[in-house]
Amino acid sequence: MPLISVCIPVYNTEPFLLQCLRSVITQSFADFEIVVVSDSSRGKDGQGRSAKKIVRLAQKECNAFRKQNKLSKLKIHFVEHRENRGILEVRRTLCYEAHGEYICFVDSDDELESGALNLLTGPFESLRDPALSSDHADIIQGKSTSGTFDEKGNFIPSAQNRYDKITIGELTEHQIFHEWVTSGNLPGVLWSKLIKRQLIVKAFENIPYSECNFAEDYLISFFVMQAAKSYIGIDKNVYRYRITSGVSSARKIDSLHKWEMVCSTASVFTVISQWLKSNQPKTQITEEEVDYIRRKTAAYLANNLKQMKETVIPELQPAARQMLCDYWGEHFVQTVELQTN
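## Digging into the overall build of the protein
Item 1. Each helix and strand in the protein was counted, giving 12 helices and 10 strands.
Item 2. Compactness check: the protein gives a C-alpha radius of gyration of 20 Å against a globular reference of 20 Å for 341 residues, within 12% of the reference.
Item 3. Dimensions of the protein along its principal axes, counting C-alpha atoms only, are 60 × 50 × 40 Å.
Item 4. A total of 341 residues make up the protein; the buried ones form 54% of that total.
Item 5. Sequence separation of at least 24 residues holds for 79% of the intrachain contacts in the protein that already meet a minimum separation of 6.

## Comments concerning unusual backbone geometry
Glycine aside, a negative phi is what most residues show, and trans is what most peptide bonds show.
Item 1. The phi dihedral of E173 is positive, around 50°, even though this residue is not glycine.
Item 2. For E173, the position within the fold is in the loop between β8 (169–172) and α5 (174–182).
Item 3. We note that S192 has phi near 70°; this positive angle belongs to a residue other than glycine.
Item 4. Turning to its location among the elements, S192 is positioned in the loop between α5 and β9 (193–196).

## Observations regarding the pairing of strand β10 (residues 230–242)
Item 1. Across two bridges, the pairing between strand β5 (residues 111–112) and β10 is antiparallel. By the bridge assignment for β10, L112 is matched with Y239.
Item 2. Taken together, the four bridges between β8 and β10 define a ladder with antiparallel strand orientation. Its bridge partner being in β10, T172 is matched across the sheet by S230.

## A closer look at the environment of V55
Item 1. Residue placement: V55 occurs in helix α2 (residues 51–68).
Item 2. In the structure, V55 is positioned 38 residues away from L17 in sequence and 8.4 Å away in space, judged by C-alpha atoms.
Item 3. Beyond its immediate chain neighbours, meaning those up to four positions away, V55 contacts L21, V36, I76 and F78.

## A look at a positive patch on the surface
Item 1. A grouping of K44, K52, K53, R56 and K60 is seen on the molecular surface, where their side chains present a positively charged patch.
Item 2. Counting through the fold element by element, K60 comes out in helix α2.

## Examining the nonpolar core
Item 1. I200, I220, F222, W259 and I272 are the most contacted members of the largest nonpolar core, which has 66 residues in total.
Item 2. Excluding its chain neighbours within four sequence positions, the residues that come into contact with I200 are C95, I103, F105, I195, I220 and V224.
Item 3. Judged by nonpolar contacts, the second largest core, of 42 residues, contains V6, V55, L112 and I234.

## Some points on the pairing of strand β1 (residues 4–10)
Item 1. For β1, the tally of buried residues reaches seven of seven residues, placing the bulk of the element in the interior.
Item 2. Here β1 shows a buried face lined by I4, V6, I8 and V10 and a second buried face lined by S5, C7 and P9.
Item 3. Both β1 and strand β2 (residues 32–38) contribute to a ladder of seven bridges, which runs parallel. Bridge pairing links V6 to I34 in β2.
Item 4. Bridging between β1 and strand β4 (residues 102–105) involves four bridges; their strand directions are parallel. For C7, the partnering residue across the bridge sits in β4 and is F105.

## Quick notes on the environment of A319
Item 1. Locating A319 in the fold gives a position in helix α11 (residues 317–328).
Item 2. A319 gets classed as partly exposed once you look at its relative accessible area, which sits at 33%.
Item 3. Spatially, the C-alpha atom of A319 lies 7.9 Å from that of L256, the residues being 63 residues apart in sequence.

## Here's the deal with the side chain of Q280
Item 1. The topology assignment puts Q280 in the loop between α9 (265–279) and α10 (287–311).
Item 2. Overall, Q280 belongs to the buried group, its relative accessible area being 16%.
Item 3. Residue contacts for Q280: discarding those within four places in its chain leaves W275, I285, T286, E287 and V290.

About the thresholds
- Residues numbered from 1 in each chain as written.
- Predicted model: local features only at pLDDT ≥ 70, side-chain atom pairs only at ≥ 80, totals over all residues.
- Heavy atoms only, no water.
- Helix = DSSP H or I, 4+ residues; strand = E, 2+ residues; numbered from the N terminus.
- Rg over C-alpha atoms; globule rule 2.2 N^0.38 Å.
- Buried < 20%, exposed > 50% of the residue type's maximum accessible area, 1.4 Å probe, protein only.
- Contact = heavy atoms within 4.5 Å.
- Pairing = 2+ DSSP bridges.
- Patch = residues over 30% accessible without salt bridge, like charges linked within 9 Å, V, L, I, M, F, W, Y side chains within 5 Å.
- Areas by Shrake-Rupley, 256 points an atom, 1.4 Å probe, with all protein chains shown as cover.
- Salt bridge = Lys/Arg side-chain N within 4 Å of Asp/Glu carboxyl O.
- Lys, Arg positive; Asp, Glu negative; His and termini not counted.
- Charge placed at Lys NZ, Arg CZ, Asp CG, Glu CD.
- Core = buried A, V, L, I, M, F, W, Y, C linked by side-chain atoms within 4.5 Å.

What follows is the structure, encoded as C-alpha cells:
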C-alpha cells in the first residue's frame, strides 16, 4: 500500500491536465500512486487529446523520468464515469479507487510545487518510528500560491494571495474543527493537504449521493475536520492554484443546465444542516460554531445571487431566480437579498 494517493479530478479542464500531471510525476518522493477520475468529460487539450489519451502520454513520460532518475515505477490509474455525476461524486470515486494511507487532492488545472510531497511528509521524520501510521498526523497542510501561467507554462503569482494564510504548527482534537470554522486560517479547500484516507471515507458515509458541483470541498471538510485528532501546518509552499479557470470562474451562463450546477451549492448546506439537527447534541460543536456555519451558508447564497446577476443572460434571469428559490428556499433567498441590497 503506498503512503500517498495523489488524486486528480477531471471535469473539462483537459487543456491543463498534462501540465498538472507533469508536476506530479516529477515528484522525487518514492511512495505514492496517482489516481485520475474523469467525470465523463468530453474536453480536449490543444492537441485534440482526451483525458484518457493525456494520461497515456503522461504514463510514458513518467516511466522515462522515473527510470532516468532511478526512482521506483509509478502507475497512473485512470477511471472514467460513464455519465456526468458532478464534482462531489468524482471525489467520492477518487477516494474509493485510492489505496494510499493519505490522499493528496490536486485539481487538474493546478500544480504541485517541486518537492511538495517531500515537504508534506517532512513532519514524519521527527516521529519515534516513521513506519507507525498511528504516529502520523491526520492532516498535514502546506501553503498555496494563486496565480496564472504564461504561454510557456511559467507560473506568475498573483498580487494578492489568500491561500498562504494557514495555521502553522500543531492542533489537536476539537481545536482543529474550531480553527477551521472560525478563523479562516485552515482553508476548507481539499488541496495543499495530506488527509488520511480513512477520514475521507468516513466523511462520505455521511454524505448522500449528490450531483453537486460547488462547495463540495466545504462539505467534505466539515466531516473531516471534526473527526480529525491531529493537524500539522507547515510554513512551506506546496501548491500552485490557477486562477481564471475551472468550473467556478466567471463566465456567461446561457442555459438553465449550467445554472443548475451553481444552484447545487445549496445541497452542501442541506446535508450539513440536517446532520447538525440530528448529531450536534452528541458532539463538541458549539452554538458559536453553528452560527459561523449559518453565516457561511448565507455567504454562499449571496454569492449565488451575485453570480445570477452578473453571469446569467437576461432572458433566463426569471427562471434562474426561481430555480435558486427551489434549491435554497424562497424565504431564505428573499432574506439574503434584503441583506445584500
